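Topology and contacts: notes
Residue-level listing of the chains:
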Amino acid sequence: DTEVTQTPKHLVMGMTNKKSLKCEQHMGHRAMYWYKQKAKKPPELMFVYSYEKLSINESVPSRFSPECPNSSLLNLHLHALQPEDSALYLCASSQLQGGSYGYTFGSGTRLTVV
Amino acid sequence: AQRVTQPEKLLSVFKGAPVELKCNYSYSGSPELFWYVQYSRQRLQLLLRHISRESIKGFTADLNKGETSFHLKKPFAQEEDSAMYYCALRKGNTDKLIFGTGTRLQVFP
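Calculation rules
- Residues numbered from 1 in each chain as written.
- Chains lettered and ligands numbered in written order.
- Predicted model: local features only at pLDDT ≥ 70, side-chain atom pairs only at ≥ 80, totals over all residues.
- Heavy atoms only, no water.
- Helix = DSSP H or I, 4+ residues; strand = E, 2+ residues; numbered from the N terminus.
- Polar contact = N/O pair within 3.5 Å; in protein donor to acceptor, adjacent residues only side chain to side chain.
- Disulfide = S-S within 2.5 Å.
- Phe/Tyr/Trp six-rings, centres within 6.5 Å; stacked < 30°, edge-to-face > 60°.
- Contact = heavy atoms within 4.5 Å.
- Buried area = accessible area lost by both parts, 1.4 Å probe.
- Salt bridge = Lys/Arg side-chain N within 4 Å of Asp/Glu carboxyl O.
- Nonpolar A, V, L, I, M, F, W, Y, C, P; charged D, E, K, R; others polar.
- Core = buried A, V, L, I, M, F, W, Y, C linked by side-chain atoms within 4.5 Å.
- Buried < 20%, exposed > 50% of the residue type's maximum accessible area, 1.4 Å probe, protein only.
- Pairing = 2+ DSSP bridges.
- Axes fitted to C-alpha atoms, helices over the stretch in contact; angles between N-to-C directions.

1. Remarks on the environment of arginine 90 of chain B
Residue and element names in this part refer to chain B. Checked against the element boundaries, arginine 90 lands in strand β9 (residues 83-90). Along the primary structure arginine 90 and lysine 15 are separated by 75 residues, whereas in three dimensions their C-alpha atoms are 32 Å apart. Within polar-contact distance, the side chain of arginine 90 engages the side chain of glutamate 32 at 2.6 Å.

Right under this line is the structure:
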């Protein structure tokens with residue numbers, strides 16, 4: 001298995017809802033990432049997990065809460081989001097801490113906050 | 001601060017023409033540089049990394065530390081090369097990958 005799988009592919013949620021995005025990889029990668037990509041913009045790093053521990057939080061608002069239950073799974077819990085949080089959320093993983101071999105990206109979850 | 005600059009938002013060429021997508025970076029340490037590509041309705045995928053000095057799909061990129069550049073080149077563009085191309089920099093010994101703003105390559109028949 002050489003893919004990063006993200007579910008759901010699309011999500012529409014209200015500002016008072018709680019939802020979760022899921023990311024899974026079975027390549028033995030020990031670093032996993034959440035990126036946010038707005039339309040026609042590059043991906044922006046949100047969080048990095050290395051060996052299942054949060055190593056980087058790019059000053060992301062607390063309404064986004066990451067979780068890494070094990071080395072294959074990465075979740076992003078969403079609560080009380082704003083319409084401006086609507087974006088494509090990308091998960092990625094890398095073989096070595098630091099990603100010298102490049103990242104493998106999932107196809108993303110397109111989130112719409114209404 | 002580290003930064004990746006891709007000066008062209010859009011690059012249009014005809015099939016068979018040479019292509020050069022520009023990427024400049026600013027970083028005081030030893031960077032690792034990558035090119036990622038996103039074809040229409042497909043996921044972002046790694047195209048090249050400078051440490052491997054490889055050629056993928058006819059594309060090459062050389063790191064020029066003097067000019068702080070990592071331009072992507074292909075001698076003869078194909079229609080299937082049409083995509084969004086992102087240059088990315090990884091800060092040494094960190095997990096942060098920083099993307100440039102991207103260049104959309106359009107190859108006309």
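2. Examining the state of the cysteines
Residue and element names in this part refer to chain A. One pass over the full model with this rule turns up two disulfides over all chains. At a sulfur-sulfur separation of 1.9 Å, the disulfide partner of cysteine 23 is cysteine 91. Judged by the torsion about the S-S bond (-70 degrees), the cysteine 23/cysteine 91 disulfide is left-handed. Placement of the pair is cysteine 23 in strand β3 (residues 18-25) and cysteine 91 in strand β9 (residues 87-94), with a sequence separation of 68 residues.

3. Some thoughts on the packing of aromatic side chains
Two aromatic rings, taken as a pair, are described by how far apart their centres are and by the angle between their planes. Scanning all chains against the criterion turns up 13 aromatic pairs over all chains. With centroids separated by 5.7 Å and ring planes inclined at 90 degrees, the aromatic side chains of phenylalanine 105 of chain A and tyrosine 36 of chain B adopt a geometry described as edge-to-face. Note that phenylalanine 105 of chain A is positioned in strand β10 (residues 103-105) and tyrosine 36 of chain B in strand β5 (residues 32-38), a pairing that runs across two chains. Three or more aromatic residues link up through ring pairs in this structure, and these residues are Tyr33, Tyr35, Tyr103 and Phe105 of chain A together with Phe34, Tyr36, Tyr86 and Phe99 of chain B.

4. Here we look at the interface of chain A and chain B
Listed as interface residues are 24 residues of chain A and, on the opposing side, 18 residues of chain B. Counting each side, the surface lost to burial between chain A and chain B is near 1,700 Å², with a carbon and sulfur contribution of 52%. Scanning the region where chain A abuts chain B turns up two salt bridges. One salt bridge in this structure joins arginine 43 of chain B and glutamate 3 of chain A, with 4.0 Å as the shortest N-O distance. Across the chain A-chain B interface, the total number found is seven residue pairs in polar contact (both at pLDDT 80 or more). When residues of the side of chain A that touches chain B are traced back to their parent elements, those giving at least two are β4 (31-37), β5 (44-50), β6 (53-57) and β10 of chain A. A breakdown of the residues in the side of chain A that touches chain B according to their chemical character gives eleven nonpolar, ten polar and three charged.

5. So, the nonpolar core
Formed by 24 residues in total, the largest nonpolar core has its most connected members in Leu21, Trp35, Leu47, Leu72, Tyr85 and Leu105 of chain B. Sort the elements by how many residues they give to this core and β9 of chain B lands first, with four residues.

6. A word on the pairing of strand β11 (residues 103-108) of chain B
Residue and element names in this part refer to chain B. Along β11, the buried face is formed by Thr103, Leu105 and Val107; none of Arg104, Gln106 and Phe108, which line the opposite face, is buried. Of the pairings in the sheet, the one linking β9 to β11 comprises three bridges and is antiparallel in character. Residue alanine 83 lies in a different strand from β11, and its bridge partner there is leucine 105.

7. Details of the sheet that holds strand β8 (residues 73-79) of chain A
Residues and elements named next belong to chain A. Here four strands make up an open sheet; going across it, the order is β1-β3-β8-β7 and the pairing antiparallel. Each edge of the open sheet carries a strand with a single partner, namely β1 (4-7) and β7 (64-70). Strand after strand, the sheet turns through a mean of 20 degrees between neighbouring axes, direction not considered. Sheet topology note: the β3/β8 ladder contains seven bridges and is antiparallel. What sits directly across from glutamate 24, in β8, is leucine 73.

Any functional reading would require information that these geometric values do not contain.
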